[in-house]
Amino acid sequence: MRIGFGYDVHPLVEGRRLILGGVEIPFEKGLEGHSDADVLLHAICDGILGALGEGDIGRHFPNTDPRFKGISSLRLLEAVASKLAEKFFLVENLDSTVVAENPKIGPYLPRMAEQIARTLRVGPDQVNIKATTSEKLGFVGEGKGIAAYAVVLLKEDLQAKYPNYA
């Protein structure tokens with residue numbers, strides 16, 4: 001078993017769509033970044049990469065690389081899921097928290113969990129997403145950005161690693 005922790009934060013800006021957990025959320029602002037700036041998926045990618053001992057998201061998908069300009073972070077998560085399979089690991093459990101004053105994202109959490117579970121090839125009961133505010137404190141509390149945290153527990157995929165394993 002391995003544990004990984006991920007964190008990401010991006011500022012909110014005019015003229016961008018707000019994408020969280022691979023789901024577009026109606027809001028007057030979106031997150032600024034090289035990709036779609038999906039802080040939740042970025043935190044999850046970082047958690048998985050950390051648990052695999054593979055560094056962070058910036059190492060694999062640098063914001064200086066034009067291939068990743070505007071890319072859906074679901075594509076980044078797919079690449080990280082492939083890395084999981086290459087190293088013979090599976091997600092056992094994923095727990096995450098999105099911190100935002102606005103918009104209220106509670107109604108979108110089930111769709112986010114479904115997208116993430118499908119991309120990671122796990123059951124929806126293995127993906128937990130919570131939403132909270134920072135009680136109007138700091139950068140996020142002032143409505144200037146959104147942050148996300150993720151903790152992931154990986155287990156070795158013994159059947160893939162050892163095909164004759166019973």
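Structural data are supplied above this passage.
Given the structure is predicted, the values throughout are model-derived calculations rather than measurements.

Time to look at a nonpolar patch on the surface. A cluster of nonpolar side chains, namely Ile3, Phe5, Tyr7, Val9, Phe139, Tyr149 and Val151, defines an oily patch on the protein surface of about 660 Å² accessible area. Contributions of two or more residues to the nonpolar patch are made by strand S1 (2-14) and strand S7 (145-156). Ranked by residue count, the leading element in the nonpolar patch is S1, at four residues. Mapped onto the secondary structure, valine 9 falls in strand S1.

Soluble globular proteins tend to pack their nonpolar side chains together in the buried interior. Residues Leu20, Ile48, Ile116 and Leu120 are the most contacted members of the largest nonpolar core, which totals 47 residues. Those elements giving two or more residues to this core turn out to be strand S2 (18-20), strand S3 (23-25), helix H1 (39-51), helix H3 (73-86), strand S5 (89-99), helix H4 (109-120), strand S6 (127-132) and S7. If we skip the residues at most four places from it in the chain, isoleucine 116 touches Gly21, Leu40, Leu41, Ile44, Leu77, Leu94, Val127 and Ile129.

Read from one edge of the open sheet, five strands run S4-S1-S7-S5-S6, paired in mixed fashion. If you trace the sheet from one side to the other, it starts and ends with strand S4 (29-31) and S6, each paired once. Geometrically, the sheet is characterised by an average inter-axis angle of 20° between neighbouring strands, direction not taken into account. In terms of strand pairing, S5 meets S7 through 10 bridges, oriented antiparallel. By the bridge assignment, valine 99 is partnered in S7 with alanine 147. Lying over the sheet, H4 contacts S5 and S6, oriented at roughly 145° with respect to S6.

Scoring rules and cut-offs
Residues numbered from 1 in each chain as written. Predicted model: local features only at pLDDT ≥ 70, side-chain atom pairs only at ≥ 80, totals over all residues. Heavy atoms only, no water. Patch = residues over 30% accessible without salt bridge, like charges linked within 9 Å, V, L, I, M, F, W, Y side chains within 5 Å. Areas by Shrake-Rupley, 256 points an atom, 1.4 Å probe, with all protein chains shown as cover. Salt bridge = Lys/Arg side-chain N within 4 Å of Asp/Glu carboxyl O. Helix = DSSP H or I, 4+ residues; strand = E, 2+ residues; numbered from the N terminus. Core = buried A, V, L, I, M, F, W, Y, C linked by side-chain atoms within 4.5 Å. Buried < 20%, exposed > 50% of the residue type's maximum accessible area, 1.4 Å probe, protein only. Contact = heavy atoms within 4.5 Å. Pairing = 2+ DSSP bridges. Axes fitted to C-alpha atoms, helices over the stretch in contact; angles between N-to-C directions.

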